[in-house]
Amino acid sequence: MTIERRELPDAAAIAIAAAEEIARAAADAVAARGRFRLVLAGGHTPEALYRLLSSPPWRERIDWPKVALLFGDERCVPPDDPRSNQRMVRLALLEALAAPPAAYLPMDGAAPDAAAHYEGRLRGELGDDPPDLLLLGLGPDGHTASIFPGSPALEERSRWVVAVPPPTTVPPPIPRLTLTPPLLIRARRTLVLATGAEKQAALARALAETGEERETPARLVRRSEGEVSFFFDPAAGRALS
Ligand code: 6PG
């Protein structure tokens, strides 16, 4: 497994490079299968990317009516809560698209049996196909999606979605839903985005030759069956060997 490391000058350059990767992956997936399944990351880092994707030229380059937008994780808050990932995606991406995507599957963290409910929707969308492109962020504690250090989700072998108790290592301390490694590692292409000095130690642990997933859950991408790239700025990459 070779992991691509791409250091880019700043967050804007990372957003442009990621948008190019997504546009390319979308064209390939639509040509091959008539559909592009994109798993969205939450948090703040991808917001600039989503705003880029919903503006020219990417808004026109991507065949949005053939795109299925899926979520990698969600905070269990109402959809209009400022901490909601689906609120961030709605404002930064969805509302600015000229045409709606083929499918839009936000996670409803408040639904009863929310994890199993979302898994059923995911399986309906994906069938036997893996996600085409998985976007992931990186927490300063080394988490990715909502798989936090020491999380039992790292040992999950069958379920694609699980509920997660409030994390103790990063804010906000609210319950989450997260995709799990059985699905995450099947993505054809994984793009991990990390910016800022606060991610320095976690990025170095994620990319080190040796280390433990329990300490740095982002290391789970090393199990990926697809291509994996980390895009980061100099501040996040400073501790890399
Ligand atoms: C979430 C995210 C999470 C995020 C990292 C990095 O719901 O919080 O999915 O995994 O990607 O915490 O967050 P920032 O991009 O805000 O640094």
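Quick caveat, the model's predicted, so the values are computed rather than measured.

Calculation notes
- Residues numbered from 1 in each chain as written.
- Predicted model: local features only at pLDDT ≥ 70, side-chain atom pairs only at ≥ 80, totals over all residues.
- Heavy atoms only, no water.
- Near = heavy atom within 4 Å.
- Polar contact = N/O pair within 3.5 Å; in protein donor to acceptor, adjacent residues only side chain to side chain.
- Areas by Shrake-Rupley, 256 points an atom, 1.4 Å probe, with all protein chains shown as cover.
- Pairing = 2+ DSSP bridges.
- Helix = DSSP H or I, 4+ residues; strand = E, 2+ residues; numbered from the N terminus.
- Axes fitted to C-alpha atoms, helices over the stretch in contact; angles between N-to-C directions.
- Buried < 20%, exposed > 50% of the residue type's maximum accessible area, 1.4 Å probe, protein only.
- Lys, Arg positive; Asp, Glu negative; His and termini not counted.
- Salt bridge = Lys/Arg side-chain N within 4 Å of Asp/Glu carboxyl O.
- pLDDT = per-residue confidence, 0-100.

1. A short note on the site of the ligand
Lining the immediate surroundings of the ligand are 13 residues, of which T45, D73, H143, A145 and K199 lie closest. Within the side chain of R75, a nitrogen or oxygen atom sits 2.8 Å from an oxygen atom of the ligand. A145 places a polar main-chain atom, nitrogen or oxygen, 2.5 Å from an oxygen atom of the ligand. Burial of the ligand by the surrounding chains reaches 90%, relative to a free accessible area of 420 Å².

2. Let's talk about the sheet that holds strand β7 (residues 161-164)
Within the open sheet, the 3 strands sit side by side as β4-β8-β7. Their pairing is antiparallel. Looking at which strands have only one partner, the edges of the open sheet turn out to be β4 (73-75) and β7. Averaged over neighbouring strand pairs, the angle between their axes works out to 15 degrees when direction is ignored. Summarising the sheet, β7 and strand β8 (residues 176-179) pair through 4 bridges and their orientation is antiparallel.

3. Some points on the side chain of E74
Tracing the backbone through its elements, the reader meets E74 in strand β4. R75 is the oppositely charged side chain nearest to the buried, salt-bridge-free E74, at an N-O distance of 5.1 Å. Polar contacts involving the side chain of E74 include one to the main-chain amide nitrogen of N85, which spans 2.7 Å.

4. Some remarks on unusual backbone geometry
The linkage connecting P56 with the following residue, P57, adopts the cis geometry, with an omega of -5 degrees. Residue position: P57 is located in the loop between α2 (47-53) and α3 (58-61). Here the residue pair P171 and P172 is connected by a cis peptide bond, since its omega of -10 degrees sits within 30 degrees of zero. In this fold, P172 is placed in the loop between β7 and β8. Positive phi, close to 55 degrees, is recorded for D113, a residue that is not glycine.

5. Brief notes about the pattern of salt bridges
Scanning the entire structure with this criterion turns up 23 salt bridges. Put simply, E125 and R35 hold a salt bridge, and the shortest N to O gap is 2.7 Å. Of this pair, E125 sits in helix α5 (residues 114-126) while R35 is found in the loop between α1 (11-33) and β2 (36-40), placing the two residues 90 residues apart along the sequence. Exposure remark for E125: the relative accessible area of 11% places this residue in the buried category. Here R35 falls in the partly exposed class, since its relative accessible area comes to 23%.

6. Points about the confidence of the model for the protein
For the protein, per-residue confidence averages 97 on the pLDDT scale, and residues scoring 70 or more make up 100% of the total. By mean pLDDT, α3 is the weakest element of the protein at 95, and strand β6 (residues 133-137) is the strongest at 99.

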